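Chain residues, written in single-letter form:
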Amino acid sequence: MTANRPYAEVIGDPIRQSKSPMIHGFWLQKLGIDADYKAVHVKPEELADYIATRRRDPNWRGCNVTLPHKIAVLDHVGDPGGLRDSIGAMNTILRDENGELTGTNTDAGGFYTPLSQSDLGDIHVCIIGNGGAARAILFALSRLDVGNVHIMARNPLKSVGLLSQFGLKGECVQMEADLPPAQLLVNASPLGMQGVAEALDIDLAPLPDNAIVYDIVYTPLMTPLLRQAEARGLQTIDGLEMLIGQADLAFELFFGQPAPREYDKELRKLLTK
C-alpha cells in the first residue's frame, strides 16, 4: 500500500472468504480513484487494539465489519444514529477529519434492495439465525409491515428478545424445528458458508410454490440451500445481492463518490469466476 494513500478495509475472523476487496477495488478502478481497500484478519481479542491503531492513521477512511465483530464494535466507536438501541449491530466504521470514529449499518439497506420490487405486505417470513446480520434484517422487516416472523436459532430466548425489540409478531424455535410455510425464507446465519463445518440441514417442502429463498452466504455463491430451492422451482436471491448492496452504501461513505452500479453485470462475472 502506497504511503499517504487513503484506504479502507474489511475486518473479520475468518476473513479469507471476503469478496469486499474485489468489489471495492473494482469500483475504485472504474472511477479512477487513487485509494486502496483490503481485508484484515482481526481476532476478537485484537479488536480493541485494531480500532485504536486505525484511529491514529489519517489515511484510514474506515472499515466494513463482518463476523464475529458486528456487535462488539459498538463498544469501541461513536454511535450517533443510535444503533445500539435500534439494530443492535454495526457493519461499517468511519473516521472523520478529526480522527473521531463513528459507526453505521448498511446491511439493512443492502438486504432490502433485491426485495424492493416484491410485495412483502403481511407475509409470513422465516429467518434462520439471530446474530448481527439477522438484527439488520429484522430491522428492515420491521419497516415493511410484514406479518408473522418466525426465527429459527440455537437460542430461542434471544430470538424472543429480538422480536420484541423490533416490534414484530411471530414465533421463536430451535434450529432443528420444522420449517413453517413462509413466503420468504432468509438464511441469516453462517451455515453453509465455506469453512464452516456445520451444514444447514433443512427441508424446504413446507414452503409454498411462490416462496422466495434468500441466502446471505456468498461463499460458495450457490449454497446447498439455494440449490434445493432452485430444484423446487422457487425464486432465489443469492448472497452477492446483499453484499453488493451494502458495499454500495459503504463505498460512498469511504470514498465520497457513488459506486458505479452500471457495471454490476461485469462485477458479478468477476466475483463468480
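Just so we're clear, the structure is a prediction, and the values are computed from it rather than from any experiment.

Q: Could you give me a rundown of the packing of helix α1 (residues 20-31) against helix α7 (residues 239-255), with the residues and numbers involved?
A: Where α1 meets α7, the closest approach of the two axes is 10 Å, and the angle between their N-to-C directions is 55°. Judged by the inter-axis angle, α1 sits oblique to α7. Judged by the sense of rotation from one axis to the other, the crossing of α1 with α7 is right-handed. Contacts between α1 and α7 pair Ser20, Ile23, His24, Trp27, Leu28 and Leu31 from the former with Leu243, Ile244, Ala247, Asp248, Phe251, Phe254 and Phe255 from the latter. Residues of the contact of α1 with α7, tallied by class, amount to ten nonpolar, two polar and one charged.

Q: I'd like to hear about the pairing of strand β3 (residues 60-65), residue by residue, with values.
A: Residues in a regular strand project their side chains so that they alternate between the two faces of the sheet. Taking burial as the measure, the six residues of β3 include five buried ones, the bulk of the element. As defined by bridge partners, strand β1 (residues 7-12) adjoins β3 across five bridges and the pair is classed as parallel. Across the sheet, residue alanine 8 finds its bridge partner in β3, namely glycine 62. Where β3 and strand β4 (residues 92-95) come together, three bridges link them in antiparallel fashion. Bridged to cysteine 63 within β4 is isoleucine 93.

Q: Which residues make up the side chain of aspartate 107, and what values do they have?
A: On the secondary structure map, aspartate 107 appears in helix α3 (residues 107-112). If we ignore the near neighbours within four places in the chain, the residues touching aspartate 107 are Lys70, Asn91, Ala136, Met242 and Gln246.

Q: Now, about α1: what can you tell me, with residues and values included?
A: Taking 1.5 Å per residue as the helical rise, α1 with its twelve residues ought to reach 16 Å, and the 17 Å between its terminal C-alpha atoms agrees with that figure. Along α1, the residues that are buried comprise Ser20, Ile23, His24, Phe26, Trp27 and Leu28. On its buried face, α1 sits against β1, β2 (36-41), β3, α7 and α8 (264-271). Just downstream of α1 lies glycine 32, where phi reads positive at about 70°.

Q: Describe in detail the sheet that holds β1, supporting the description with residues and values.
A: Read across the open sheet, the five strands follow the order β2-β1-β3-β4-β5; overall the sheet is mixed. Looking at the sheet topology across the chains shown, the edges are occupied by β2 and β5 (101-104). The average angle at which neighbouring strand axes cross in this sheet is 20°, direction not considered. On top of the sheet, α7 reaches β1, β2, β3, β4 and β5; it is set at about 165° to β3, its chief contact.

Calculation rules
Residues numbered from 1 in each chain as written. Predicted model: local features only at pLDDT ≥ 70, side-chain atom pairs only at ≥ 80, totals over all residues. Heavy atoms only, no water. Axes fitted to C-alpha atoms, helices over the stretch in contact; angles between N-to-C directions. Helix = DSSP H or I, 4+ residues; strand = E, 2+ residues; numbered from the N terminus. Parallel < 35°, antiparallel > 145°, perpendicular 65-115°, else oblique. Left-handed = near helix turned anticlockwise from the far one by under 90°. Contact = heavy atoms within 4.5 Å. Nonpolar A, V, L, I, M, F, W, Y, C, P; charged D, E, K, R; others polar. Buried < 20%, exposed > 50% of the residue type's maximum accessible area, 1.4 Å probe, protein only. Pairing = 2+ DSSP bridges. Expected span 1.5 Å × (residues − 1).

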